[in-house]
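# A closer look at the structure
The lines below spell out each chain.
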Amino acid sequence: MPELGFSRRTALRGLGATGLLAALTGCGVPAAYVAEDQRSAADRSARDKSVSFSNWPLYIDVDEEDETRRPTLESFSRSTGISVRYTEEINDNDEFFGKVSPALTNRQETGHDLVVVSDWMAARFVRLGWAQKMDRTAQPNVARHLDPQLRSPAFDDGRAHTVPWQSGITGIAYNRRALGRELKSVSDLWHPDLAGKVTLFSGLDESFALLMQGDGVDTARWTTGDFHRACDRVERMVRKGHIRRFTGNDYTSDLSKGDVLACQAYSGDAIQLQADNPDIEFVVPEEGGELWSESLIVPNLAPHKANAESLVDHYYRPEVAAELAAYVNYVCPVPAAQAVLADSDDAETAALAEDPLIFPDPAMRKRLTVARDIAPDERPELARRWNSIVGL
């Protein structure tokens, strides 16, 4: 199993991407937005059978006997003749944005053909016109197998510029034995017997949807008023000492050691925690949970766009998606992969097909919402309010 040493959905920090972009504009850099017809370069895919793919660490299958080998990438290269230069260089959404934004602002290549970023960051790329539209005629597996619930987020109608790599659920993890009762709702986090034993995510984009869902808000259509009401409650709980602290992915250590009894958590992490401690439970609250994704995008002027599109489509073959899901244990964006896993001769692998945290069942799906992302004109106000509470 991958180690739990980082968060794939990280917090907005410091100057942040919005501040960086403003600084670039103030220095006389050309306007950031790039029109659709100005995003492509001469595609070298046919004569240069290669592709550069950048991802987060520990977010792809590896060979159990040789960790330098990645079976699903190797099968792609065997079937297509396309070599893959795979790098694990994305450790923070804003850090990566800061790395590539000068080139994209100046209409230059980034050195990347394909990258994976969280959907709230993918939304920023789409708004700026920094993600190329993919050719779905070259991606029949994506067209056929992409999870219907992920097909048309508000920031990218019809998923024209993005394709989910993996998905996940933000919900609540807790130690049922230590707590001695079930947790069913977000409001249960505020029960007196959890005083000083609760953690929330420190990242604005990671936290806000679940907290608003606890107030009965439809997070596909939330307002800034909804956000501030949720913040009011969190602020009161901070003053009372009810919230132990705000965390990144280190919440997993707090929960494992018993320093906290309940916390905001990601479904993929919960599966790994349960493997070591069966007393850990993960719940999608009665009010609902957030269904999120990290998505593949082809940055502007990528020199191997067709090869990148072919690689994306490779991961939407159900047998390939199943192999990846069996390793990373996040929500699989290819529902057809469930049947592949169910047919496995290995009992442990076959059991993954029945795990609702990898393949949500219809009852769970009714409680999952893809939250509206934070608009650029909203972000400064919301970030100031949230960061003042969290202490960033």
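Residues numbered from 1 in each chain as written. Predicted model: local features only at pLDDT ≥ 70, side-chain atom pairs only at ≥ 80, totals over all residues. Heavy atoms only, no water.

## Some details on the overall build of the protein
- Helices and strands together make up the secondary structure of the protein, namely 16 helices and 10 strands.
- Taken over C-alpha atoms, the radius of gyration comes to 21 Å for the protein, in line with the 21 Å a tight globule of 392 residues would show.
- The principal-axis extent of the C-alpha atoms belonging to the protein is close to 65 × 60 × 35 Å.
- Accessible area for the protein stands at about 15,900 Å²; split by element, carbon and sulfur atoms hold 49% of it.
- Across the protein, the 43 positively charged side chains and the 60 negatively charged ones have centroids separated by 5 Å. (Helix = DSSP H or I, 4+ residues; strand = E, 2+ residues; numbered from the N terminus. Rg over C-alpha atoms; globule rule 2.2 N^0.38 Å. Areas by Shrake-Rupley, 256 points an atom, 1.4 Å probe, with all protein chains shown as cover. Lys, Arg positive; Asp, Glu negative; His and termini not counted. Charge placed at Lys NZ, Arg CZ, Asp CG, Glu CD.)

## Considering a negative patch on the surface
- Taken together, the side chains of Glu64, Glu65, Asp66 and Glu67 make up a negatively charged region of the molecular surface.
- Relative to the helices and strands, Asp66 is located in the loop between strand S1 (50-54) and helix H2 (71-80).
- Assessed through its relative accessible area of 30%, Asp66 is described here as partly exposed. (Patch = residues over 30% accessible without salt bridge, like charges linked within 9 Å, V, L, I, M, F, W, Y side chains within 5 Å. Salt bridge = Lys/Arg side-chain N within 4 Å of Asp/Glu carboxyl O. Buried < 20%, exposed > 50% of the residue type's maximum accessible area, 1.4 Å probe, protein only.)

## A closer look at the pairing of strand S5 (residues 198-201)
- Going residue by residue along S5, you find Val198 and Leu200 tucked away on one face and Thr199 and Phe201 tucked away on the opposite face as well.
- The pairing of S5 with strand S7 (residues 262-266) spans two bridges and is parallel. Bridged to Thr199 within S7 is Cys263. (Pairing = 2+ DSSP bridges.)

## Observations concerning the confidence of the model for the protein
- Within the protein, residue pLDDT values average 91, and 92% of them lie at 70 or more.
- Confidence drops under pLDDT 50 across residues 1-20; counting only partners more than four residues distant or on other chains, this segment forms 65 contacts.
- Of the regions scoring below 50 in pLDDT, residues 22-30 engages in nine contacts with residues more than four places distant in sequence or in other chains. (pLDDT = per-residue confidence, 0-100. Contact = heavy atoms within 4.5 Å.)

## A closer look at helix H8 (residues 224-239)
- When the terminal C-alpha atoms of H8 are compared, their 22 Å separation across 16 residues agrees well with the 22 Å that a helix rising 1.5 Å per residue should span.
- Looking only at H8, the buried set comprises Asp226, Phe227, Ala230, Cys231, Val234 and Met237. Seen end-on, H8 carries its buried residues on one side only, within an arc spanning 130°.
- Elements that come into contact with the buried residues of H8 comprise S5, helix H7 (204-213), strand S6 (243-247) and helix H16 (379-390).
- A positive phi of about 75° marks Gly241, the residue just after H8. (Expected span 1.5 Å × (residues − 1). Arc of directions from axis to C-beta.)

## Topic: H7
- Extensive coverage of H7 is indicated by the burial of 10 of its 10 residues.
- Along H7, the positions that sit buried rather than exposed are Leu204, Asp205, Glu206, Ser207, Phe208, Ala209, Leu210, Leu211, Met212 and Gln213.

## Some words on the nonpolar core
- Counting 81 residues, the largest nonpolar core has Phe53, Phe125, Trp165 and Ile169 as its most contacted members.
- Those residues in contact with Trp165, other than ones at most four positions away along the chain, are Phe53, Asn55, Tyr59, Ile60, Val116, Glu294, Ser295, Leu296, Tyr315, Leu324 and Pro333.
- By size, the runner-up hydrophobic cluster in this structure holds 35 residues, among which are Tyr174, Leu194, Ala371 and Leu382. (Core = buried A, V, L, I, M, F, W, Y, C linked by side-chain atoms within 4.5 Å.)

## Focus on the packing of H7 against H8
- Two elements in contact, H7 and H8, have axes whose closest approach is 10 Å; the angle formed by their N-to-C orientations is 90°. Taken together, the axis directions place H7 and H8 in an arrangement best described as roughly perpendicular. Within the contact between the two elements, H7 uses Leu204, Phe208, Leu211 and Met212 and H8 uses Asp226, Phe227, Ala230 and Val234.
- Split by residue class, the contact of H7 with H8 holds seven nonpolar, no polar and one charged. (Axes fitted to C-alpha atoms, helices over the stretch in contact; angles between N-to-C directions. Parallel < 35°, antiparallel > 145°, perpendicular 65-115°, else oblique. Nonpolar A, V, L, I, M, F, W, Y, C, P; charged D, E, K, R; others polar.)

## Considering the packing of aromatic side chains
- A complete count under the given rule lists 14 aromatic pairs for this structure.
- Geometrically, the ring pair formed by Phe53 and Trp165 is edge-to-face, given 5.6 Å between the ring centres and 75° between the ring planes. Within this pair, whereas Phe53 is found in strand S1, its partner Trp165 is found in strand S4 (residues 163-175), the two being separated by 112 residues in sequence. As far as burial versus exposure is concerned, Phe53 and Trp165 are alike and both buried.
- Their ring planes at 85° and their centres at 5.8 Å tell us that Phe97 and Phe125 sit as a pair that is edge-to-face. Here Phe125 lies in helix H4 (residues 119-128) and Phe97 lies in helix H3 (residues 93-105), a separation of 28 residues in the sequence. (Phe/Tyr/Trp six-rings, centres within 6.5 Å; stacked < 30°, edge-to-face > 60°.)

## Some points on the environment of Val62
- Mapping Val62 onto the fold places it in the loop between S1 and H2.
- For Val62 and Val328, which are 266 residues apart along the polypeptide, the C-alpha to C-alpha distance reads 10.0 Å.
- Residue contacts for Val62: discarding those within four places in its chain leaves Glu67, Arg69, Arg70, Pro71 and Tyr327.

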